[in-house]
Amino acid sequence: MAKTASDTKAKHAAKDAAGGQGEVKKSKAAAGKAKGTGKGTGGKGGTGKKAAKAEMKAAAIAAAEKAARPDALGTVATTTAENPPQEEDLAVATVRKVAMEGAKTRSEHDLLGDGEVPADALWGIHTKRAVANFPITGVSVGHYPELVRALALVKQAAARSNHRLGYLPKGKAKIIEEACILVATDPTYAESFVVDAIQGGAGTSTNMNANEVIANVGLRLMGKAPGDYAALHPNDDVNMAQSTNDAYPTALRLAVIFATQPLVKALDDLAYAFKSKAVEFADVLKMGRTQLQDAVPMTLGQEFDGFHATIKEDVARLTEIVGLFREVNLGATAIGTGINADPRYAALAVEELSRLSGQPMVLASNLIEATSDLGAFVLFSGVLKRVAVKLSKICNDLRLLSSGPRTGFGEIRLPAVQAGSSIMPGKVNPVIPEVVNQVAYMVIGHDLTVTLCAEGGQLQLNAFEPTIGYCVLSSLRMLTAAIDTLTKRCIDGIEADRERCRSLVQGSIGLVTALAPTLGYEASSRIARRALKENRAVADLVLEEGLLTEAQLNGLLELEAMTHPTRRQKAGTVV
């Protein structure tokens, strides 16, 4: 039986009522974290709060009953001419919804007119419109705690500077500072940064979201209800002397600095783990390979020491390149001319930001250039790609070296962390290196996106900085998690199959390379051909042809002689 538009609309509303009440409660819980909380919804006391809870509970029960009816099964709410998007529902970053119907609300006004938001929400009408406009990834700005912290620090630095210059009264400056400290240090406030990380408007929605949250936290501290902007205004007070075009890029750069620190630590830990294995495996003789063919002997310790060295190189490069983000355009306002800001503001704001963040930030020498240029992100993303490529190559090596266990290389054993098959009993897969490979591919793709976004800027601003931020912060987060996982759940537990490694060396024709300086190239080539054709050991053929005595042969095939620089005298010559 076909569903009518009204049926679909009714089910859509019921579904949202059931799924959205928790979000309304979460929004209230987050708001209540600030000092001065304790009043009922809208500041009307406990009776109003109980009534609102009762209404929400009734709505949830009604929705559950509606969902259980047979005629509701299989119906999917869609947006058509007959069934437009519901104004009473506010989609939050695609995957969550705040049900407006049945919730206590407050009215706010902006350029486009009036709108309703949940009474206790710390965000306001600008955030509400952004959430509706950008249901893109389902990943909100609050997903990146470093960015939330950086936004709060930028606003705090601005408030301090504007007060020092005499533009912001002491009382408002103090409240904004206290609100910023709460937002920067209490992770629950990240839940109020609900706009999608990828958005149009060059980050305006993120900046507005931050302004509204900080203003409403401040209002709570003042004992006032959210939305009472006559006492503390998101734009006039929190955003004083700022534009999105200088506040957001500055916060993003600071966030990258913050997010790079755990990545550097993760890489250092990984390098240490490789070095520990290099020491443990220093005496394990194995066959080195080029182009997947036998080459010359080496030790497993040398192989792992190579991994250590390449990771330490990346630590040095990251530490060097992240310094580019210390140059910011705070005070540039709209396009770099500093309009609406005191001439002294830019230098003062950057000084305060350095003090608050503990990072030595500097003001760009040319604010117009700094407002539109994203070259630092291109370079930094390239370093992240380099890290990803090298990590992926190492993980490829680990998967090869542990392949088998009976029919592959089988030189090392990776820790068994889970069953490898639903059909093949006993099978264990190299799942940790595999997941690192996949993270690396994501980071490589993000780097291309950053490149295209940076190139796509026009005139005095690049509108695509939110996507650059999403890519770089996501890459930093994924790499850090992947490297920590690789270290703790794989590298630390690797074991060497010493007997397997030695047997492969002894059976390889690559041994003949160690004999070439003594036997000569022609004789060595003949021995190699015979060993391959007759499936015999190189050492046996050398002794059979009388090219060397057993003592001479053993000396040439010692561990040190084969794995370090040596030059033996050619047989038959006199020194």
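Computed from a predicted model, the values in this text were never measured in an experiment.

Colleague: I'm lost on the overall build of the protein chain in this one. Help?
Modeller: When you go through the protein chain residue by residue, the secondary structure sums to 20 helices and 10 strands. Burial status across the protein chain gives 50% buried among its 575 residues. Carbon and sulfur atoms make up 56% of the accessible area of the protein chain, which totals about 26800 Å².

Colleague: So what exactly am I meant to see when it comes to the side chain of Ser 402 here?
Modeller: Topologically, Ser 402 is positioned in the loop between helix H12 (375-401) and strand E9 (412-413). A residue is classified by how much of its surface remains accessible, and Ser 402, at 18% relative accessible area, is buried. Here Arg 399 takes part through its backbone oxygen, which lies 3.4 Å from a polar atom of the side chain of Ser 402. Excluding its chain neighbours within four sequence positions, the residues that come into contact with Ser 402 are Gly 410, Ile 412 and Leu 414.

Colleague: Looking at this structure, I do not really get the packing of aromatic side chains. What am I missing?
Modeller: Any pair of aromatic rings gets described here by the distance separating the centres and the angle formed by the planes. Using the criterion set out here, one finds 6 aromatic pairs in the structure. Here Phe 304 and Phe 307 contribute two aromatic rings whose centre-to-centre distance is 5.4 Å and whose plane-to-plane angle is 65 degrees, an arrangement assigned as edge-to-face. With a gap of 3 residues between them, Phe 304 and Phe 307 both fall in helix H9 (residues 300-321), about one helical turn apart. Of the two residues examined, Phe 304 and Phe 307, each falls in the buried class. Chaining the aromatic ring pairs together yields one cluster made of Phe 274, Phe 281, Phe 304 and Phe 307. Across the ring face of Phe 258, the terminal group of Arg 149 is positioned such that the distance to the ring centre comes to 3.8 Å. The positively charged end of Arg 289 is found above the aromatic ring belonging to Phe 409, 4.1 Å away from the centroid.

Colleague: I tried to follow the packing of helix H8 (residues 244-280) against helix H14 (residues 465-489) on my own but got confused; where do I start?
Modeller: In a pair of packed helices, the angle between the axes and the distance between the axes together describe the arrangement. Interaxial distance between H8 and H14 falls to 9 Å at its minimum, and their mutual angle equals 20 degrees. Regarding the angle of H8 to H14, the classification is roughly parallel. Every pair of crossing elements has a handedness; the one defined by H8 and H14 is left-handed. Grouping the amino acids of the contact of H8 with H14 by side-chain chemistry returns 19 nonpolar, 4 polar and 4 charged.

Colleague: Looking at this structure, how should I read the pattern of salt bridges?
Modeller: Close approach of charged atoms allows side chains of opposite charge to pair. One pass over the structure, following the stated rule, counts 36 salt bridges. Across the pair Arg 164 and Glu 351 runs a salt bridge whose closest N-O atoms are separated by 3.6 Å. Remark: Glu 351 occurs in helix H10 (residues 345-357) and Arg 164 occurs in helix H4 (residues 145-164); sequence separation between them is 187 residues. Between Lys 393 and Asp 397 there is a salt bridge; the shortest N-O distance is 2.5 Å. Residue Lys 393 and its partner Asp 397 are both found in helix H12; the two are separated by 4 residues, about one turn of the helix.

Colleague: How do you make sense of the nonpolar core when you look at a structure like this?
Modeller: Buried together is how nonpolar side chains tend to be arranged in soluble globular proteins. Counting residues in hydrophobic clusters, the biggest one holds 127 residues, and the most contacted among them are Phe 304, Phe 380 and Leu 486. Take this core: its biggest share by element is 19 residues, from H8. When sequence neighbours within four positions are dropped, the list of residues in contact with Phe 380 reads Val 256, Thr 260, Leu 318, Ile 321, Val 322, Phe 325, Val 472 and Leu 476. Formed by 13 residues, the second largest nonpolar core is a distinct cluster that contains Val 512, Ile 527, Leu 553 and Leu 556.

Colleague: Quick question: what am I supposed to make of the confidence of the model for the protein chain here?
Modeller: Should pLDDT be low for a region, the predicted coordinates there are not to be read in detail. Mean pLDDT over the protein chain works out to 85, with 81% of the residues at or above the 70 mark. Per-element mean pLDDT across the protein chain ranges from 43 in helix H1 (residues 5-31) up to 98 in H4. Note on residues 1-47: pLDDT is under 50 here. Beyond four places in sequence and across chains, it has 86 contacts. Confidence drops under a pLDDT of 50 for residues 64-88, and excluding neighbours within four residues, the segment shows 26 contacts in the predicted structure.

Colleague: Just checking my understanding: could you explain unusual backbone geometry for this structure?
Modeller: Omega for the peptide link from Gly 404 to Pro 405 comes to 5 degrees, which places this bond in the cis form. Residue position: Pro 405 is located in the loop between H12 and E9. You will see that Ala 202, though not glycine, has its phi angle at about 60 degrees, which is positive. Mapped onto the secondary structure, Ala 202 falls in the loop between helix H5 (170-185) and helix H6 (204-221). With phi around 75 degrees, Asn 340 is a residue other than glycine that occupies positive phi space. Mapped onto the elements, Asn 340 comes out in the loop between strand E7 (327-328) and H10.

Rules used throughout
- Residues numbered from 1 in each chain as written.
- Predicted model: local features only at pLDDT ≥ 70, side-chain atom pairs only at ≥ 80, totals over all residues.
- Heavy atoms only, no water.
- Helix = DSSP H or I, 4+ residues; strand = E, 2+ residues; numbered from the N terminus.
- Buried < 20%, exposed > 50% of the residue type's maximum accessible area, 1.4 Å probe, protein only.
- Areas by Shrake-Rupley, 256 points an atom, 1.4 Å probe, with all protein chains shown as cover.
- Polar contact = N/O pair within 3.5 Å; in protein donor to acceptor, adjacent residues only side chain to side chain.
- Contact = heavy atoms within 4.5 Å.
- Phe/Tyr/Trp six-rings, centres within 6.5 Å; stacked < 30°, edge-to-face > 60°.
- Lys NZ or Arg CZ within 6 Å of the ring centre and 35° of its normal.
- Axes fitted to C-alpha atoms, helices over the stretch in contact; angles between N-to-C directions.
- Parallel < 35°, antiparallel > 145°, perpendicular 65-115°, else oblique.
- Left-handed = near helix turned anticlockwise from the far one by under 90°.
- Nonpolar A, V, L, I, M, F, W, Y, C, P; charged D, E, K, R; others polar.
- Salt bridge = Lys/Arg side-chain N within 4 Å of Asp/Glu carboxyl O.
- Core = buried A, V, L, I, M, F, W, Y, C linked by side-chain atoms within 4.5 Å.
- pLDDT = per-residue confidence, 0-100.

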